[in-house]
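Below are the chains, spelled out letter by letter.
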Amino acid sequence: TWHLKKIPQIVRERTFSLDNPKFEANSKLELNSVCGIECQRKLPVPSLSELKDLLSYETVFENGTRTLTEVNVLGLVLDPAGNTTTRRSTRKKRQIYGTDSRFSIYDKRFMTNFPFNTAVKISTGCSGILISPKHVLTAAHCLHNGKDYVKGSKRLRVGLMKTKSKGNGRKRKGPKRSRREQGTSDGMPSFQWTRVKSTHIPKGWFKGVSGDIALDYDYAVLELKRPHKRKYMELGISPTIKMMPGSMIHFSGFDNDRSGQLVYRFCSISDESNDLFYQYCDAEPGSTGSGIYLRLKEPNKKKWKRKIIAVYSGHQWVDINGEQQDYNVAVRITPLKYAQICFWIHGNDENCTQG
């Protein structure tokens, strides 16, 4: 069951202008030198002042200008236990673990219906997910390498899968269907590209609590220039592994090795910390930034509801006791991150008291 939780408040303190970014960084779909779960176990719990700094955020606008907004955090109870973890199994292999268990979605009826129609393509080569009529959630490293914004992020676009045939009419029965209506002749989706008005990235992504890039803050929200009219997926607070049915998660994205196809997968979580999931979901670059979701029951109702509980950050290499080990990782939506993303969507904290 989804359990309602009281959310800490993120309050804007002040906003000031920064120099325009250069937009010269090369986009990397695979990250090195990152602080994962092993690194996090050695770190102290961030203080309230450190959290305020990490949750302050940069906004980049479509004209290339940039601001920094400092925030305050109200109503937060710090967890003295730190980064406790639940380990399931060891990780040894690469992005595809054993038999490839990904599903390519070819059928237009599935592709253009919920939940698959919430998946979007980012023009820098990543995936994302619709979280409001005007907002998309994705990974921060799809836009910024920790030092500068990546090439192509100045004129950022989001590709939504086309759902309507020409003339907005219903599909006609019979063999005469237009190429536009079908997407492409081989069943691959076609995209309707929309410009991005502004991008929010948490300051924690630029700093890193350990001096390395902090995976905990590998998330970003894009505001579209024009609202879309499709069903989006709501945010949820990430439950612990024990609270997930079969500890299973789901996500869809546009993997590079299956060009133009929407790829769906589900798998179980193998390890968790307060901020990260390690999992064995088969995924290739291109699916980075996808929204990871669960289907749980609504409180006091018989209805089931899907909600986004993490952002897929991709395949990572980590140095563990002098050995390079790899894993697929997701950034969990904690109550604090829920409050921040909700604040970015609504522009205030009034709609973000419970999640």
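Every chain begins its residue count from 1, and numbering advances along the sequence as written. Restriction of local features to residues with pLDDT of at least 70 applies here, the model being predicted, together with a cutoff of 80 or more for giving and counting side-chain atom pairs; totals for whole chains, interfaces and linings are based on all residues. Hydrogens and water molecules were not included; the side-chain quantities draw on all heavy atoms of the structure.

K.L.:
Could you give an account of the nonpolar core, with specific residues and numbers?
P.N.:
One finds Ile131, Leu137, Val158 and Ile341 to be the most contacted residues of the largest nonpolar core, which totals 66 residues. The dominant element in this core, judged by the number of residues it contributes, is helix H6 (residues 335–346), at eight residues. Contacts are assigned to residue pairs that have any heavy atoms within 4.5 Å of one another. Leaving out residues up to four positions away in the same chain, Leu137 has contacts with Gly128, Ile129, Ile131, Ala220, Val221, Leu235, Gly289, Ile308, Val311, Ile333 and Ile341. Nine residue types can take part in a nonpolar core, namely buried Ala, Val, Leu, Ile, Met, Phe, Trp, Tyr and Cys, and a core is a set of them joined through side-chain atoms within 4.5 Å. The classification of residues rests on relative accessible area computed with a 1.4 Å probe and restricted to protein chains. Under 20% of the type maximum is buried, over 50% is exposed, and intermediate values are partly exposed. Secondary structure elements are taken from DSSP: a helix is a run of H or I of four residues or more, a strand is a run of E of two residues or more, and numbering for both begins at the N terminus.

K.L.:
Run through the state of the cysteines, naming residues and quoting values.
P.N.:
Throughout, disulfides are identified as pairs of cysteine sulfur atoms within 2.5 Å of each other. For the structure shown, the criterion picks out one disulfide. In this model Cys126 forms its disulfide with Cys142; the gap between the sulfur atoms is 2.1 Å. Disulfide Cys126 to Cys142: torsion about the S-S bond roughly -95 degrees, handedness left-handed. One end of the pair, Cys126, is in the loop between strand S7 (119–122) and strand S8 (127–130); the other, Cys142, is in the loop between strand S9 (135–138) and strand S10 (157–161), with 16 residues separating them in the sequence. The class for Cys126 is buried, based on a relative accessible area of 1%. Overall, Cys142 belongs to the buried group, its relative accessible area being 1%.

K.L.:
Talk me through the side chain of Thr124; I want residue IDs and the actual numbers.
P.N.:
With respect to the element layout, Thr124 can be found in the loop between S7 and S8. Thr124 has contacts with Ser27, Cys142, Leu143, Val150, Lys151, Gly152, Ser153 and Leu156, leaving out every residue within four places of it along the chain.

K.L.:
Give me the pairing of strand S11 (residues 191–202): which residues, what numbers.
P.N.:
On a regular strand, each side chain points to the face opposite its neighbour's, so the side chains alternate between the two faces of the sheet. A strand pair is defined by DSSP finding two or more bridges across the two strands. The pairing of strand S3 (residues 57–61) with S11 spans five bridges and is antiparallel. Of the residues in S11, the one forming a bridge with Val60 is Thr199. Summarising the sheet, S10 and S11 pair through five bridges and their orientation is antiparallel. Looking across to S11, one finds that Val158 is bridged to Thr194. Sheet analysis places S11 next to strand S13 (residues 220–224), joined by four bridges and oriented antiparallel. The partner of Ser198 across the bridge, within S13, is Glu223.

K.L.:
Quick rundown of empty space enclosed by the protein? Include the residues and the values.
P.N.:
The way it works is a 1 Å grid over only the protein atoms, where trapped points that fit a 1.4 Å probe form a cavity and open points with protein on both sides within 12 Å along at least five of seven lines form a pocket, and then any residue with an atom within 4 Å of a point lines it. Grid points are joined across faces, edges and corners, and a volume is the space filled by probe spheres set on the points. Within this structure, the stated rule accounts for three cavities of 30 Å³ or more. Its boundaries defined by the atoms lining it, the largest cavity holds a volume of some 100 Å³. Looking at the largest cavity, it is lined by 13 residues, and the ones nearest its centre are Val60, Ser153, Lys154, Leu156 and Thr199. Of all elements in the fold, only S3 and S11 reach the threshold of two or more residues within the lining of the largest cavity. The greatest single-element share of the lining of the largest cavity, amounting to four residues, is contributed by S11.

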